[in-house]
Amino acid sequence: MARWCYRHRLVVLLLWLGALFGLGAASSAAGTNYANVFSLPNTDSTTAYDLMEKAFPERAGDTDTVVWKVDGDGGASVRDESVRSRIEPALEEIGRMKGVGEVTDPYAAQGAAQISRDGRIAYAQITFTEQANAIPKELIEDVVDTAQAAERDGLQVELGGQAIARTQEPPQGTAEAVGILAAAVVLFLAFGSLFAMLLPIVVAIAGVGTGLIGTMLLSHVTDVPEVAPLLGSLIGLGVGIDYALFIVTRHRRGILRGMKPEESAVTALNTSGRAVLFAGGTVCIALAGMLVMNMRFLDGVVVATSLTVVLSVLAAITLLPALLGLLGMRVLSRRQRRRLAAAGPEPEEASGLAARWSAYVQKSPRRLAALAVVVMAVLAIPVLSLRLGATDQGNHQDSTTTRQAYDLLAEGFGPGVNGPLQVVVDGNAPAGLVDGIRSTEGVAQVAAVPPANGVTVIQVVPTTSPQSEQTDRLIDRLRDDVIPKSGAEAHVGGVTAVFKDFASVTGDRLPYFVATIIALGFLLLMVAFRSLVVPLTAALMNLIAAAASFGVLVAIFQWGWGTELIGVGKEGPITSFLPVIMLSLLFGLSMDYQVFLVSRMHEEWVHTKDNARAVRVGLAETSRVINSAALIMICVFSAFVLSGDMEGAMAGIGLAAAVALDAFILRTALVPAAMHLLGKSNWWLPDWMEKRLPHLAVEPKEEPVAPAGEEEPAGAGRASVVHGYVRTADGEPVDGAAVTLLTKGGRQVDRVTSLADGSYIVSVPAPGTYLLATTAPSYGSRAGQVVVADGPLVHDVELAEGEVDAAPRGGGVN
């Protein structure tokens, strides 16, 4: 398929453009129909909600609030004619707007309770005919402008509610644009080429664009919450850019080794492309684990995020080879193309900082492992105080009108007015129930609404805010004590009660969810790497990363460490559904990095059966691309602080912290250190399991391809390796020695540079006799024939200063 896409690149490009514009036209015509279905089956708040719908079916629209306050100097009151003459015309004008159903005026007879006791604060309620996401933004802006036009010196007017909050959102796509720009900088630094930089970005935009448009269309046939497309774009941009990065890196390496662009692209897709398919599959499996929670709200999140990931993978394996075909050699920078033309093909061997770090990890695994565990444990400490709940407009930034309205209502009517409870009775409410609620600790106000359609609703205003733990305890007292004593069949509802139930159910089901995704990841890695220890280590590392990242999340958003600095408003509880979503994404992304890291180690282990070398070479050759990929994800995720959505900011910061800790501490230090300590047991698998497990090639070995104009050596296909150490006569390792493998005819087969510990490994296309030449600065050169049979050949080289010796030394056939 990769070859077909490469050769028919214009067809592939037209198909993708057609899909984007076609889906875009369809979504423009259909619009969106997002629905935040927070109710949970068989919970008290859901039963209350169902009864409320039965009692008041006409109150389907969103209800928002206009709040005004007068300065207390001189005994001013909101009842003053100078205030009423400005506020009442504004409310009347709002009531006449198309799309506004009702305006509850505090100056009317039934609105006396909407004026504070000191007379300085009052509010009006605006009920729209539609839910917040369906109200035209122009209407909401007209309401805000009309209300705030009544302001004057000494009179403050603010607005709150879900619809009003939409006017404060930054322009759509701001977070995505900032994330893409930051990723572009990282890619340019990594590739040094404008065209190569654009490739992953174009692929990611294609995948995310089709995914988001598809999500819009799916919102008409299933319940998709408003936060789903935000999370879909967040994860889609991250994996889309990263997956394309892995493939483009392999493609560029192939060209630098002398392969033709088409063969390099095909090989890159057959190796890294397969790993991308596997990695994308693991992310989707982790996301599908959310279905175990049996929450309708999360079902829509699974649909949106999984669809975006699937389309991002599809773009990487179809659109990317077509773009590679368009660019040809321009995927390399000008300097690389000039060097390739002048000096000929050169392999990209691991060297520099990556190789030195890998050697250091091998020398000090215990020290590094202990340090990494201590760092992760310290970061995980705040997770012990994790409290799930709901964010509201009290968490918005101080400068927003919604936060000002929230604070004014709390000042004038008590903090509980921002999150009233509804005790819903199926039938008439017993007199003792209202009295019992009124005398309950934590209750500020009680008002029973006349029965409607056989249902009675009792409005209960707590003395504490919706996010307070005391409010949670009040709900428990009403359910467990007050209502049973009254003998009534009543249920406690309201937004605060819904989120409390959501948090409770999440906490109860979270262990089953975690166990499910860990088990699925364990099985996948066990089949892929033929080991029990590797997947067990990965599962443990994922749990450590999850604890540390949630610790960072609690410290920032619950404890308030740096919230104002990053501009996310006031601290509060962690949104109850966030742990499930974050754990799904975290486990999926962690599996990605584990696959790309361990697949290279496993390949080395299969060839040499040397665990130390396998871990060292695997880390040296993959750490740079993994760190680059992680840096891109951190940029993309962190940019979602600008989304204007508290849940989006939490998910972005949480995932950015998780990726940073996973890539820079776990995969770069703790995992390789642990694998060095475990030794050959890393690759242990009982014989009976080996025989019964299916074989799954994550990243098949890349077959050596001769440069243009040269024929393959006889017996090509049965590849092997020559490996060993380059040392001095005193046994000191020689770092940076050039080791070249040549055919008997003098053609270069492979060329590498020895690592910091003097180790090297060169690929052999087939059994036979070859010439191995070794040179190093300040030393002489040594060359000699090596005879490679069917297995790997161990060949150590000794260099002496100023010596030139063509006789073979050391080595032997294993």
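The paragraphs below set out a description of the structure included in this document. The model shown is predicted, which means the values in this text are computed figures rather than measured ones.

### Let's talk about the overall build of the chain
When you go through the chain residue by residue, the secondary structure sums to 24 helices and 20 strands. Principal-axis analysis of the C-alpha atoms places the extent of the chain at approximately 105 × 50 × 50 Å. In the chain, which comprises 814 residues, the proportion classed as buried is 55%. The contacts of the chain with a sequence gap of at least 6 include a subset with a gap of at least 24, amounting to 75%. Surface exposure of the chain reaches about 33,600 Å², of which carbon and sulfur atoms provide 57%. Taking the average location of the 61 positive side-chain charges in the chain and that of its 79 negative ones, the two points are 10 Å from each other.

### Topic: the packing of helix α14 (residues 365-380) against helix α19 (residues 533-558)
One can describe the packing of α14 onto α19 by two numbers: an axis separation of 7 Å at closest approach and a directional angle of 45°. Judged by the angle between their axes, α14 and α19 are oblique. The way α14 lies across α19 gives a crossing that is left-handed. Facing Met376, Leu379 and Ala380 of α14, the residues of α19 in contact are Ile544, Ala545, Ala547, Ala548, Gly551 and Val552. Of the residues assigned to the contact of α14 with α19, the class counts are eight nonpolar, one polar and no charged.

### Some thoughts on the environment of Arg7
Relative to the elements of secondary structure, Arg7 occurs in helix α1 (residues 2-7). Assessed through its relative accessible area of 52%, Arg7 is described here as exposed. Residues Arg7 and Pro41, spaced 34 residues apart in sequence, show a C-alpha to C-alpha distance of 53 Å. Only 2.6 Å separates the side chain of Arg7 from the side chain of Glu262, close enough to count as a polar contact.

### Quick look at the packing of aromatic side chains
Within the structure shown, the criterion is met by five aromatic pairs. On the numbers, 6.1 Å between centres and 35° between planes, the contact of Trp68 with Tyr107 is tilted. Pair noted here: Trp68 is in strand β1 (residues 63-70) and Tyr107 is in the loop between β2 (100-104) and β3 (121-128), with a separation of 39 residues, a long-range link. Each of the two residues, Trp68 as well as Tyr107, counts as buried. Where Tyr123 meets Phe413, the ring centres are 5.1 Å apart and the plane angle is 90°; that geometry is what we call edge-to-face. Of this pair, Tyr123 sits in strand β3 while Phe413 is found in helix α15 (residues 401-413), placing the two residues 290 residues apart along the sequence. Assigned by exposure class, Tyr123 and Phe413 land together as buried.

### Considering the nonpolar core
Counting residues in each nonpolar core, the largest one holds 158 residues, and the members touching the most others are Tyr243, Met290, Leu298, Phe557 and Phe637. In contact with Met290, other than residues within four places in its own chain, are Leu298, Val301, Val302, Phe513, Val580, Ile581 and Ser584.

### Some points on the pairing of strand β14 (residues 759-764)
With five of six residues buried, β14 is to be regarded as a mostly interior element. In the sheet, strand β11 (residues 720-728) pairs with β14 via six bridges, with the strands oriented antiparallel. Note on β14: the bridge partner recorded for Val722 is Val762.

### Some thoughts on the sheet that holds strand β7 (residues 443-452)
Consider a sheet: its strands pair through backbone hydrogen bonds, and that pairing is either parallel or antiparallel. Spatial strand order, β7-β8-β6-β9: four strands in an open sheet with antiparallel pairing. In the strand order of this sheet, the two ends are held by β7 and β9 (490-493), each with one partner. Looking at each pair of strands side by side, their axes are set apart by 20° on average, direction ignored. Where β7 meets strand β8 (residues 455-462), seven bridges bridge the pair, whose relative direction is antiparallel. Bridging from a neighbouring strand, Val449 pairs with Val457 of β8. Of the strands in this sheet, β6 (421-426), β7, β8 and β9 are in contact with helix α3 (residues 44-55), which crosses β9 at around 100°.

### A few points about a negative patch on the surface
A surface patch of negative charge is lined by Glu93, Glu138, Glu141, Asp142 and Asp145. In terms of residue count, the dominant contributor to the negative patch is helix α5 (residues 137-148) (four residues). Its place among the elements puts Glu93 in helix α4 (residues 81-96).

### Thoughts on the sheet that holds β2
The strand order β2-β3-β1-β4 describes an open sheet built from four strands, whose pairing is antiparallel. This sheet does not close on itself; its edge strands, each paired only once, are β2 and β4 (155-160). Each adjacent strand pair in this sheet contributes to an overall mean axis angle of 20°, direction not counted. In this structure, β1 lies alongside β3, joined through seven bridges in antiparallel fashion. Paired with Trp68 across the bridge in β3 is Ala122. The strands that α4 touches are β1, β2, β3 and β4; relative to β2, the one it contacts most, it runs at about 155°. α5 rests against β1, β2, β3 and β4 of the sheet, and its axis sits at about 160° to β4.

### Let's talk about helix α23 (residues 646-678)
Most pronounced at Leu666, the bend in α23 amounts to some 50°. The buried fraction of α23 is high, at 29 of 33 residues. Directly after α23, the chain includes Gly679, whose backbone phi takes a positive value near 65°.

### Points about a nonpolar patch on the surface
A cluster of nonpolar side chains, namely Val185, Phe188, Leu189, Leu194, Phe195, Leu198 and Val202, defines an oily patch on the protein surface of about 640 Å² accessible area. Those elements that provide at least two residues to the nonpolar patch are α7 (174-191) and α8 (194-218). Top contributing element to the nonpolar patch by residue count: α8, with four residues. Tracing the backbone shows Phe188 in helix α7. Take Phe188: its relative accessible area is 40%, and that puts it in the partly exposed class.

### What to know about the packing of helix α9 (residues 227-256) against α23
Across the interface, α9 lies against α23 with an axial gap of 10 Å and an inter-helix angle of 25°. It follows that α9 is roughly parallel to α23 by the angle criterion. α9 and α23 meet at a crossing whose hand is right-handed. For the pair formed by α9 and α23, the contact residues are Val227, Leu230, Leu231 and Leu234 on the first element and Glu647, Gly648, Ala651, Gly652 and Leu655 on the second. A breakdown of the residues in the contact of α9 with α23 according to their chemical character gives six nonpolar, two polar and one charged.

### Side note on unusual backbone geometry
Positive phi values are uncommon outside glycine, yet Asn453 reaches one of about 55°. Looking at where Asn453 falls in the secondary structure, it is placed in the loop between β7 and β8. Here Arg530, not a glycine, exhibits a phi torsion of approximately 50°, which is positive. Turning to its location among the elements, Arg530 is positioned in the loop between α18 (495-529) and α19.

### Here's the deal with the side chain of Arg403
Tracing the sequence through the fold places Arg403 in helix α15. Judged by relative accessible area, Arg403 falls into the buried class, the value being 9%. Not counting chain neighbours up to four residues away, the residues in contact with Arg403 comprise Gln393, Gly394, His396, Gln397, Asp398 and Lys570.

### Brief notes about α18
Over its 35 residues, α18 runs 48 Å from end to end, which matches the ideal 51 Å to within 8%, given 1.5 Å per residue. Its axis deflected by about 45° at Arg509, α18 carries its strongest bend there, up to four residues before the proline Pro511.

Definitions and limits used
- Residues numbered from 1 in each chain as written.
- Predicted model: local features only at pLDDT ≥ 70, side-chain atom pairs only at ≥ 80, totals over all residues.
- Heavy atoms only, no water.
- Helix = DSSP H or I, 4+ residues; strand = E, 2+ residues; numbered from the N terminus.
- Buried < 20%, exposed > 50% of the residue type's maximum accessible area, 1.4 Å probe, protein only.
- Contact = heavy atoms within 4.5 Å.
- Areas by Shrake-Rupley, 256 points an atom, 1.4 Å probe, with all protein chains shown as cover.
- Lys, Arg positive; Asp, Glu negative; His and termini not counted.
- Charge placed at Lys NZ, Arg CZ, Asp CG, Glu CD.
- Axes fitted to C-alpha atoms, helices over the stretch in contact; angles between N-to-C directions.
- Parallel < 35°, antiparallel > 145°, perpendicular 65-115°, else oblique.
- Left-handed = near helix turned anticlockwise from the far one by under 90°.
- Nonpolar A, V, L, I, M, F, W, Y, C, P; charged D, E, K, R; others polar.
- Polar contact = N/O pair within 3.5 Å; in protein donor to acceptor, adjacent residues only side chain to side chain.
- Phe/Tyr/Trp six-rings, centres within 6.5 Å; stacked < 30°, edge-to-face > 60°.
- Core = buried A, V, L, I, M, F, W, Y, C linked by side-chain atoms within 4.5 Å.
- Pairing = 2+ DSSP bridges.
- Patch = residues over 30% accessible without salt bridge, like charges linked within 9 Å, V, L, I, M, F, W, Y side chains within 5 Å.
- Salt bridge = Lys/Arg side-chain N within 4 Å of Asp/Glu carboxyl O.
- Bend = angle between axes of the 7 residues up to and from the residue.
- Expected span 1.5 Å × (residues − 1).

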